[in-house]
Amino acid sequence: AAYLAPYWEEAIHSLKDEPHVVDLRNIGLTGAIEVETRDSAFGTRAFELFLKCFETGLVTRQTGDTIALAPPLIIEKAQIDQIIDIIRAALQQLD
(Lines give C-alpha, C1' and ligand atoms only; values in the text may rest on other atoms or scores of the structure.)
Protein backbone atom coordinates (compact mmCIF):
# COMPACT_ATOMS: atom_id res chain seq x y z
CA ALA A 1 0.00 0.00 0.00
CA ALA A 2 2.79 2.44 0.85
CA TYR A 3 4.44 1.71 -2.50
CA LEU A 4 1.22 2.49 -4.43
CA ALA A 5 0.11 5.53 -2.40
CA PRO A 6 2.00 8.10 -4.56
CA TYR A 7 0.64 6.52 -7.75
CA TRP A 8 -2.89 6.58 -6.29
CA GLU A 9 -2.48 10.24 -5.26
CA GLU A 10 -1.33 11.26 -8.74
CA ALA A 11 -4.19 9.32 -10.32
CA ILE A 12 -6.87 10.86 -8.07
CA HIS A 13 -5.53 14.38 -8.59
CA SER A 14 -5.43 13.91 -12.37
CA LEU A 15 -9.21 14.45 -12.20
CA LYS A 16 -8.82 18.08 -11.06
CA ASP A 17 -9.84 19.60 -14.39
CA GLU A 18 -12.83 17.34 -15.01
CA PRO A 19 -16.35 18.81 -15.04
CA HIS A 20 -18.00 19.48 -11.66
CA VAL A 21 -14.95 18.54 -9.55
CA VAL A 22 -14.70 20.83 -6.52
CA ASP A 23 -12.09 19.07 -4.41
CA LEU A 24 -9.90 15.97 -4.44
CA ARG A 25 -8.51 14.42 -1.27
CA ASN A 26 -6.45 11.38 -0.47
CA ILE A 27 -4.39 9.75 2.22
CA GLY A 28 -2.66 6.47 1.56
CA LEU A 29 -4.96 4.35 -0.60
CA THR A 30 -8.12 6.22 0.27
CA GLY A 31 -9.52 9.06 -1.77
CA ALA A 32 -12.46 11.38 -2.15
CA ILE A 33 -13.90 13.31 -5.06
CA GLU A 34 -16.19 16.18 -4.15
CA VAL A 35 -18.48 17.40 -6.91
CA GLU A 36 -20.48 20.62 -7.28
CA THR A 37 -23.79 20.70 -5.47
CA ARG A 38 -26.83 21.25 -7.65
CA ASP A 39 -29.09 24.11 -6.56
CA SER A 40 -31.51 22.83 -3.91
CA ALA A 41 -30.48 19.23 -4.58
CA PHE A 42 -27.64 18.31 -2.24
CA GLY A 43 -26.14 14.93 -3.05
CA THR A 44 -27.88 14.34 -6.37
CA ARG A 45 -24.86 14.95 -8.60
CA ALA A 46 -22.66 12.61 -6.53
CA PHE A 47 -25.42 10.01 -6.56
CA GLU A 48 -25.59 10.26 -10.34
CA LEU A 49 -21.80 9.83 -10.45
CA PHE A 50 -22.09 6.81 -8.15
CA LEU A 51 -24.71 5.26 -10.47
CA LYS A 52 -22.70 5.87 -13.64
CA CYS A 53 -19.65 4.26 -12.06
CA PHE A 54 -21.71 1.32 -10.78
CA GLU A 55 -23.24 0.74 -14.21
CA THR A 56 -19.70 0.50 -15.59
CA GLY A 57 -18.60 -2.00 -12.94
CA LEU A 58 -17.03 0.25 -10.32
CA VAL A 59 -18.43 0.26 -6.79
CA THR A 60 -17.87 3.50 -4.87
CA ARG A 61 -19.44 5.08 -1.81
CA GLN A 62 -21.39 8.30 -1.92
CA THR A 63 -21.73 10.64 1.02
CA GLY A 64 -23.38 13.96 0.32
CA ASP A 65 -21.70 15.39 -2.75
CA THR A 66 -18.57 13.30 -2.29
CA ILE A 67 -17.54 9.98 -3.76
CA ALA A 68 -15.32 8.01 -1.37
CA LEU A 69 -12.83 5.46 -2.66
CA ALA A 70 -10.94 2.79 -0.72
CA PRO A 71 -9.52 0.11 -3.00
CA PRO A 72 -8.13 -3.14 -1.60
CA LEU A 73 -4.51 -2.99 -0.48
CA ILE A 74 -3.56 -5.56 -3.13
CA ILE A 75 -4.64 -3.28 -5.99
CA GLU A 76 -2.33 -2.97 -8.98
CA LYS A 77 -1.44 0.09 -11.06
CA ALA A 78 -3.50 -1.13 -14.03
CA GLN A 79 -6.54 -1.40 -11.77
CA ILE A 80 -5.98 2.12 -10.44
CA ASP A 81 -5.86 3.34 -14.03
CA GLN A 82 -9.11 1.52 -14.76
CA ILE A 83 -10.82 3.11 -11.73
CA ILE A 84 -9.72 6.59 -12.77
CA ASP A 85 -10.77 6.02 -16.39
CA ILE A 86 -14.26 4.95 -15.27
CA ILE A 87 -14.63 7.96 -12.98
CA ARG A 88 -13.31 10.37 -15.61
CA ALA A 89 -15.80 9.08 -18.19
CA ALA A 90 -18.64 9.28 -15.67
CA LEU A 91 -17.74 12.85 -14.69
CA GLN A 92 -17.80 13.88 -18.32
CA GLN A 93 -21.36 12.58 -18.63
CA LEU A 94 -22.77 14.57 -15.70
CA ASP A 95 -24.90 17.66 -16.22
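Above this text sits the structure in question.
Right, let's walk through the structure included here. (Residues numbered from 1 in each chain as written. Predicted model: local features only at pLDDT ≥ 70, side-chain atom pairs only at ≥ 80, totals over all residues. Heavy atoms only, no water.)

### Remarks on the layout of surface pockets
Piece 1. In this model, the largest pocket occupies a volume close to 190 Å³.
Piece 2. What lines the largest pocket is a set of 14 residues, and nearest its centre among them are Val59, Ala70, Pro71, Pro72 and Ile83.
Piece 3. Sorting the residues of the lining of the largest pocket by element identifies β4 (66-69) and α3 (77-93) as the ones contributing at least two each.
Piece 4. For the lining of the largest pocket, the residue count by class is 11 nonpolar, 2 polar and 1 charged. (1 Å grid on protein atoms, 1.4 Å probe; cavity = no way out; pocket = protein on both sides within 12 Å on 5 of 7 lines; lining within 4 Å. Points joined across faces, edges and corners; volume = space filled by probe spheres on them. Helix = DSSP H or I, 4+ residues; strand = E, 2+ residues; numbered from the N terminus. Nonpolar A, V, L, I, M, F, W, Y, C, P; charged D, E, K, R; others polar.)

### As for the pairing of strand β2 (residues 30-35)
Regular strands have side chains that alternate between both faces of the sheet.
Piece 1. Across 6 bridges, the pairing between strand β1 (residues 21-27) and β2 is antiparallel. When the sheet's bridge partners are listed, arginine 25 is paired in β2 with alanine 32.
Piece 2. Counted between consecutive antiparallel strands, the loop separating β1 from β2 contains 2 residues, among which glycine 28 sits at a positive phi close to 60°.
Piece 3. Across 4 bridges, the pairing between β2 and β4 is antiparallel. (Pairing = 2+ DSSP bridges.)

### A few points about helix α1 (residues 5-13)
Piece 1. Looking only at α1, the buried set comprises Ala5, Trp8, Ala11 and Ile12. Taken end-on, α1 shows its buried residues confined to a sector of 125°, consistent with a single buried face. Pointing more than 90 degrees away from the buried face of α1 are the exposed residues Pro6 and Glu10.
Piece 2. On its buried face, α1 is in contact with β1, β2, β4 and α3. (Buried < 20%, exposed > 50% of the residue type's maximum accessible area, 1.4 Å probe, protein only. Arc of directions from axis to C-beta. Contact = heavy atoms within 4.5 Å.)

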